[in-house]
Amino acid sequence: MSPTESLTSLRADLGPIAFSTDTRKLRTKSRDRFAQSPVLRDLLRGRNAEIFIAPRDKDELRTAVAACARHRIPITVRGAGSGQFGQGVPLRGGAVIDVTALTGVLGWHGDPGRRLPTTVRALAGTVVADIDAAIRPSGWELRMHPSTAHQATVGGYIAGGHAGIGSCRWGILRDAGNITALEVMTVEEHPRLIELRGREVNTVHHAYGANGIITEVELPLAPAWEWHELVVSFPDFARAARFSVDICRSDGVLTKVVSPHAHPLPRYFPELAGLIPDGESMVLLMAAVQSVPNVEDLVQDNGGRIRYRCLEGKGSYGSPLYEFTWGHSMLRYQRHDDELTGLMALFPQRDLYESIVGIHREFAELGPLHVEMKRIDGGLSCQGSPVFAFESQEHLAAITERLQRAGLFIANSHTPVLGAGGMKPWGPREAAAKREFDPYGLLAQGKSDDAEDTITTSTALPNSGWSYRLS
């Protein structure tokens, strides 16, 4: 059967399930935020699905997946399209299946009234911020969420994300205990639902949907403190870095975001620039109300000054403060200059402060440093890089090699291919799950393949990948 005949048969099998083959619709629903990478802007533009499918519930999803399996149609599962690495782009055509209608908080376990530890379970298309809104009246909240919490679906966050707001205290998603369970649908003529728990959740987490369709997510909760947003300035970046490391190592101080930005990066945030004196560096911070006096002490100890403070989401700058951090930072830098870019470098836990300051000084001619503080694999680290103007793939490769010689671990954030990225280990367990859950190899084609192709080779960097033994 030809590809055209297969698509015709697929449409007939969908019955009442909504679908579209409109060119404009396909173009829109085949994109995510990959344009944040100057490498991917042109490379992924024009790679579109051949059909867009929008199931309304899990039963319709099962029908659509079964039809794709019968006709061997490639599948790219889509949430809100807020990924930055091309996770949501169909590299080899086929169907984009949109799961944003599969929404709802299904419930939580434990006894919120007695403040016992709880977990929350939601359908994959549920917007992350909606989960927090549903559970906060119980006195609990998610441990972490992306900076895109008001757009991202929880399934997309688990399939394509890795850390975020809360990681300075709780670690990254792949750290044990940060994902309680996942329900995954297989891609077969008769799709099955598989429950994953324990270490098995990481076979599917951050796999870009390549080895199973996430249908439900269960996550652990933390107490919902009254969070305050603070914008802090320091005369130089060394003191901003010292403060950031010290506050994250103060285990009794409750923080949710610690985001240092070297001068002149504060100028690139028009909404915040008036708060920071010219020439100074900035730390964006979220802290629980009871920890604010400790924050004030540490700011003073390091020669800084709190320039602004408010309740979470109540700032004069118009957005939650976390929407100026993590992936949102580069989006905002690029409004200043769309050629600015960076690398996803992981700093060593040992001598962390010295490493941050050393990179800042050694690469000063390249650009100012921005990092996000986070815990990973049981210790404190951070991720980020100098912010610099993109020149060429060769220039990016040379910077990658320089940063690695300086002791950092680089993941390639300018590729949609998992192996080339180096953030997620893809080993025997992941490959076995791919064979079991996707026996025809239809999911996320081109993103987990070992075969060399134009995308893999044209986005390759000499990156080491992340080490999870950082000390």
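Residues numbered from 1 in each chain as written. Predicted model: local features only at pLDDT ≥ 70, side-chain atom pairs only at ≥ 80, totals over all residues. Heavy atoms only, no water.

Q: Explanation requested: the overall build of the chain in the structure shown.
A: From N to C terminus, the chain includes 16 helices and 20 strands. For the chain, whose C-alpha radius of gyration is 22 Å, the value lies close to the compact-globule estimate of 23 Å for 471 residues. Along the first, second and third principal axes, the C-alpha atoms of the chain reach 70 × 55 × 40 Å. For the chain, buried positions account for 61% of its 471 residues. (Helix = DSSP H or I, 4+ residues; strand = E, 2+ residues; numbered from the N terminus. Rg over C-alpha atoms; globule rule 2.2 N^0.38 Å. Buried < 20%, exposed > 50% of the residue type's maximum accessible area, 1.4 Å probe, protein only.)

Q: Before we go on, may I ask you to explain the nonpolar core in this structure?
A: One recurring pattern in soluble globular proteins is that nonpolar side chains are buried together. Judged by nonpolar contacts, the single largest core of 51 residues is most densely connected at Ile-158, Leu-182 and Ile-214. Of the residues that make up this core, three or more belong to each of domain 1 (105–223) and domain 2 (227–411). Among the nonpolar cores identified, the runner-up in size contains 46 residues, and Val-253, Ala-262, Phe-390 and Ile-399 belong to it. (Core = buried A, V, L, I, M, F, W, Y, C linked by side-chain atoms within 4.5 Å. Domains from an automatic or database assignment.)

Q: Would you mind going over the side chain of His-162 with me for this structure?
A: Structurally, His-162 can be placed in the loop between helix H6 (154–160) and helix H7 (167–170). Of note is the side chain of His-162, whose polar atom sits 2.8 Å from the side chain of Gln-383. (Polar contact = N/O pair within 3.5 Å; in protein donor to acceptor, adjacent residues only side chain to side chain.)

Q: Is there a simple way to think about helix H15 (residues 428–437) in this case?
A: What H15 keeps buried is the set Glu-430, Ala-433, Lys-434 and Phe-437. For H15, the angular spread of buried residues about the axis comes to 105 degrees, placing them on one side. Across from the buried face of H15, at angles greater than 90 degrees, the exposed residues are Pro-428 and Arg-435. Packed against the buried residues of H15 are strand E8 (181–185) and strand E9 (193–197). (Arc of directions from axis to C-beta. Contact = heavy atoms within 4.5 Å.)

Q: I tried to follow unusual backbone geometry on my own but got confused; where do I start?
A: Most peptide bonds adopt trans geometry, and most residues besides glycine take a negative phi value. Following His-263, the chain continues to Pro-264 via a peptide bond in cis, the omega torsion being 10 degrees. Within the fold, Pro-264 resides in the loop between strand E12 (255–261) and helix H9 (270–273). Residue Tyr-208 is not a glycine yet carries a positive backbone phi of 60 degrees. With a relative accessible area of 11%, Tyr-208 lands in the buried category. Its identity is not glycine, yet Trp-326 carries a phi of approximately 50 degrees, on the positive side. Along the chain, Trp-326 turns up in the loop between strand E14 (305–311) and helix H11 (327–336).

Q: What is the right way to read the pairing of E8 from this model?
A: The side chains of a regular strand alternate between the sheet's two faces. Within E8, five of the five residues are buried, which leaves the element mostly enclosed by the surrounding structure. Relative to E9, E8 runs antiparallel, the two sharing five bridges. Across the sheet, Val-184 pairs through a bridge with Ile-194, a residue of E9. (Pairing = 2+ DSSP bridges.)

Q: Would you take a moment to explain the domain arrangement of the chain for this structure?
A: Often, the extent of an interface is quoted as the loss of accessible area on bringing the components together. As far as domains go, the chain holds domain 1 (105–223) and domain 2 (227–411). Taking the mean C-alpha position of each, domain 1 and domain 2 sit 26 Å from one another. In this complex, domain 1 contributes 20 residues to the contact, which on the side of domain 2 involves 25 residues. Buried area between domain 1 and domain 2, summed over both chains or domains, comes out near 1,700 Å², and the portion from carbon and sulfur atoms is 54%. Of all residues in domain 1, Ser-147, Cys-168 and Arg-169 bury the most surface against domain 2, accounting for 38% of the area lost on that side. Connecting domain 1 to domain 2 are two salt bridges. On inspection of domain 1 and its partner domain 2, the count reaches 10 residue pairs in polar contact (both at pLDDT 80 or more). Counting residues per element, the side of domain 1 that touches domain 2 draws most heavily on H7, which supplies three residues. Tallied by class, residues from the side of domain 1 that touches domain 2 come to six nonpolar, 10 polar and four charged. (Buried area = accessible area lost by both parts, 1.4 Å probe. Salt bridge = Lys/Arg side-chain N within 4 Å of Asp/Glu carboxyl O. Nonpolar A, V, L, I, M, F, W, Y, C, P; charged D, E, K, R; others polar.)

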